[in-house]
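Spelled out, the chains give:
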Amino acid sequence: MSDINAHIAEAPAAIAGGQGTVKDYFALLKPRVMSLVIFTAFVGIIAAPGALHPWLAFVALLAIAVGAGAAGALNMWYDADIDAVMKRTSKRPVPAGSITPAEALGFGMVLAAGSVLVLGLMVNVLAGALLAFTIFFYIVVYTMWLKRLTPQNIVIGGAAGAFPPMVGWVAVTGSIDLGAIALFLIIFTWTPPHFWALALWKKINADYSNAGVPMLPVVAGTDETRRQILLYSLLLVPVTLFPALTGTVGWLYLLANIGLGVMFIWHAWRVYRIREGQEAEIACKKLFGFSTMWLFVVFALILAERAIGIPSFAPVFG
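Throughout this document, residue positions are counted from 1 along each chain, in the order its sequence is written. Predicted model: local features are reported for residues with pLDDT of at least 70 only, side-chain atom pairs are reported and counted for 80 or more only, and whole-chain, interface and lining totals are derived from all residues. Side-chain numbers here rest on the full set of heavy atoms in the structure, without hydrogens or water.

**Student:** Mind showing me how you'd approach the side chain of Asn124 here?
**Tutor:** Turning to its location among the elements, Asn124 is positioned in the loop between helix 8 (101–122) and helix 9 (125–145). What makes Asn124 buried here is its relative accessible area of 16%. The definition of a polar contact used here is a pair of N or O atoms within 3.5 Å, where within protein one atom must be able to donate a hydrogen and the other to accept one, and adjacent residues in sequence count solely through side-chain atom pairs. Within the structure, the side chain of Asn124 is placed 3.2 Å from the backbone nitrogen of Leu126, a separation counted as a polar contact. Among the polar contacts listed, one links the side chain of Asn124 to the backbone nitrogen of Ala127, at a separation of 2.7 Å. Note on contacts: a residue pair qualifies if any of its non-hydrogen atoms lie within 4.5 Å across the two residues. If we ignore the near neighbours within four places in the chain, the residues touching Asn124 are Leu119, Val170, Ala171 and Gly174. Helical segments are the DSSP runs of H or I of at least four residues, strand segments are the runs of E of at least two, and each set is numbered from the N terminus. Burial status follows relative accessibility: with a 1.4 Å probe on protein chains alone, a residue under 20% of its type maximum counts as buried, one over 50% as exposed, and anything between as partly exposed.

**Student:** Help me out: how do you make sense of the packing of helix 15 (residues 222–245) against helix 16 (residues 251–273) in this one?
**Tutor:** In a pair of packed helices, the angle between the axes and the distance between the axes together describe the arrangement. Packing of helix 15 against helix 16 leaves a shortest axis separation of 9 Å and a crossing angle of 175 degrees. By the angle between their directions, the pair helix 15 and helix 16 is classed as roughly antiparallel. Here Arg226, Arg227, Ile229, Leu230, Ser233, Leu234, Leu236, Val237, Thr240, Leu241, Pro243 and Ala244 of helix 15 lie close against helix 16, whose contacting residues are Tyr253, Leu254, Asn257, Ile258, Gly261, Phe264, Ile265, Ala268, Trp269, Val271 and Tyr272. Among the residues forming the contact of helix 15 with helix 16, the class breakdown is 17 nonpolar, four polar and two charged. Axis angles are defined between N-to-C directions and span 0 to 180 degrees, where every axis is a line fitted to C-alpha atoms and, for a helix, only to the segment in contact. Oblique is the label for every angle not falling under 35 degrees (roughly parallel), over 145 degrees (roughly antiparallel), or within 65 to 115 degrees (roughly perpendicular). Gly is put with the polar residues, along with every residue not named as nonpolar or charged; the nonpolar set is Ala, Val, Leu, Ile, Met, Phe, Trp, Tyr, Cys and Pro, and the charged set is Asp, Glu, Lys and Arg.

**Student:** I would appreciate a short explanation of a nonpolar patch on the surface in the present structure.
**Tutor:** To count toward a patch, a residue needs a relative accessible area over 30% and no salt bridge; like charges are then connected within 9 Å, while nonpolar side chains (Val, Leu, Ile, Met, Phe, Trp, Tyr) are connected within 5 Å. Surface accessibility in these figures is a Shrake-Rupley result with a 1.4 Å probe; residues are shielded only by whichever protein chains are displayed. The rule for a salt bridge is simple: a side-chain nitrogen of Lys or Arg has to be within 4 Å of a carboxyl oxygen of Asp or Glu. A cluster of nonpolar side chains, namely Trp55, Phe58, Leu62, Leu117, Val118, Leu121 and Met122, defines an oily patch on the protein surface of about 750 Å² accessible area. Elements represented by at least two residues in the nonpolar patch include exactly helix 5 (54–78) and helix 8. With respect to the helices and strands, the residue Phe58 is situated in helix 5. Classification of Phe58 by relative accessible area gives partly exposed; the value is 48%.

**Student:** Just to check I follow, could you spell out the environment of Ser115 for this structure?
**Tutor:** Structurally, the position occupied by Ser115 is in helix 8. Note on Ser115: relative accessible area 3%, which makes it buried. With 51 residues separating them in the primary sequence, Ser115 and Met166 have C-alpha atoms 16 Å apart. Not counting the four nearest positions on each side in its chain, Ser115 is found in contact with Ala63, Val66, Gly67, Leu131 and Ile135.

**Student:** Which parts of the structure should I look at to understand the confidence of the model for the protein?
**Tutor:** Predicted coordinates in areas of low pLDDT are best not read in detail. pLDDT is a per-residue confidence score from the predictor, ranging from 0 to 100. For the protein, the average pLDDT comes to 91, and 93% of its residues sit at 70 or higher. Confidence drops under pLDDT 50 across residues 1–16; counting only partners more than four residues distant or on other chains, this segment forms 26 contacts.

**Student:** Looking at this model, I keep getting lost on the side chain of Lys147. Mind explaining?
**Tutor:** Tracing the chain through its elements places Lys147 in the loop between helix 9 and helix 10 (153–157). Side chain to side chain, Lys147 and Asp79 meet in a polar contact 2.7 Å long. Apart from residues lying up to four places away in sequence, Lys147 is in contact with Asp79, Ile82, Tyr142, Asn153, Val213 and Pro214.

**Student:** Just checking my understanding: could you explain the pattern of salt bridges for this structure?
**Tutor:** Opposite charge on two side chains makes pairing possible when the charged atoms of those side chains draw close. Per the stated rule, a full pass over the model turns up six salt bridges. Linking Asp79 and Arg148 is a salt bridge whose minimum nitrogen-to-oxygen distance equals 2.9 Å. With Asp79 in the loop between helix 5 and helix 6 (80–83) and Arg148 in the loop between helix 9 and helix 10, the pair connects residues that are 69 residues apart, well separated along the chain. What makes Asp79 buried here is its relative accessible area of 0%. Classification of Arg148 as partly exposed rests on a relative accessible area of 26%. In this structure, a network of salt bridges that share partners links the residues Asp79, Asp81, Lys147 and Arg148.

**Student:** How should helix 5 be read in this particular structure?
**Tutor:** Spacing of three or four residues puts side chains on the same side of an α-helix, whose turn is 3.6 residues. By this rule, a helix spans an expected 1.5 Å times one less than how many residues it contains. Over its 25 residues, helix 5 runs 36 Å from end to end, which matches the ideal 36 Å to within 8%, given 1.5 Å per residue. For helix 5, a buried count of 19 out of 25 residues is recorded, marking the element as mostly surrounded by other parts of the structure.

**Student:** I'm lost on the environment of Ala41 in this one. Help?
**Tutor:** Positionally, Ala41 belongs in helix 4 (residues 31–47). We classify Ala41 as buried; its relative accessible area is 0%. Each C-alpha atom, one on Ala41 and one on Gln152, is 25 Å from the other, the two residues being 111 residues apart in sequence. Excluding its chain neighbours within four sequence positions, the residues that come into contact with Ala41 are Leu61, Ile64, Pro164, Pro165 and Gly168.

**Student:** Explain unusual backbone geometry here, please?
**Tutor:** Excluding glycine, residues mostly carry a negative phi; peptide bonds, for their part, are mostly trans. Even without a glycine there, the phi angle at Lys30 is positive, about 50 degrees. With respect to the helices and strands, Lys30 occurs in the loop between helix 3 (22–28) and helix 4.

What follows is the structure in structure tokens.
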């Protein structure tokens with residue numbers, strides 16, 4: 001973080017102590033990421049056995065959303081030095097100078113503490129503890145450690161983005177069951193091919209190289225990245241079917257995901273085989289777009305089954 005002050009000092013707003021607007025502070029929360037967190041956490045609440053009072057369900061969702069926003073703010077605080085040298089992140093509030101690092105740190109810490117306390121005290125202690133661990137994992141394990149250390153950063157660090165449905169589940173049950181782990185594993189396995197497809201499509205390797213971040217395409221090259229995308233895509237299909245074995249989903253989810261899995265592998269195969277020219281870039285773009293839609297549909301199918309009243313399979317495990 002030695003370069004943070006140098007980057008921030010170039011911005012007149014930073015010299016005045018930050019002139020952040022509501023829009024700037026909202027940007028610190030990473031609202032796009034937060035929307036995915038809210039959706040998957042909601043699915044976790046609905047998929048979990050048992051019921052949660054609607055008011056408590058709302059409190060749980062709000063706390064999880066705020067916790068995700070806190071993690072985003074703390075991430076922007078710590079990563080301000082590398083954000084300042086990367087084209088796609090240089091306009092974020094801290095490197096742009098509208099919010100000082102100290103303000104981002106304080107904002108994130110207050111939100112983190114508040115979200116964990118509210119979830120733990122108003123819903124249940126385990127859910128609050130799991131939310132606290134999620135924030136810790138994203139900031140300390142991923143942002144401070146793995147991101148700048150290993151090309152496997154997005155693989156291990158992807159766990160942070162996979163915890164929200166588990167937190168939602170635990171808010172209902174008060175325990176970590178195999179059904180919650182199944183939802184966690186879907187997002188955990190989906191993250192690497194999704195992110196690496198974006199990296200190859202947007203050609204952001206130079207950004208990460210300039211910032212000294214050892215993302216897989218930078219360290220291992222595009223060919224190895226394509227191979228890893230295909231391997232993780234092949235692993236993703238059986239992982240997606242795991243909720244059927246835990247008694248979390250029914251026949252609609254199972255049949256739809258077999259088809260969706262075949263389509264995911266097909267897109268990944270095209271990325272693996274087509275490696276040059278505009279057609280290769282298009283293949284990466286299509287995989288990224290499909291993977292984004294794929295995750296939404298997979299989790300939406302669980303909601304659809306609950307709404308329609310399709311019974312879940314008898315659990316094989318658990």
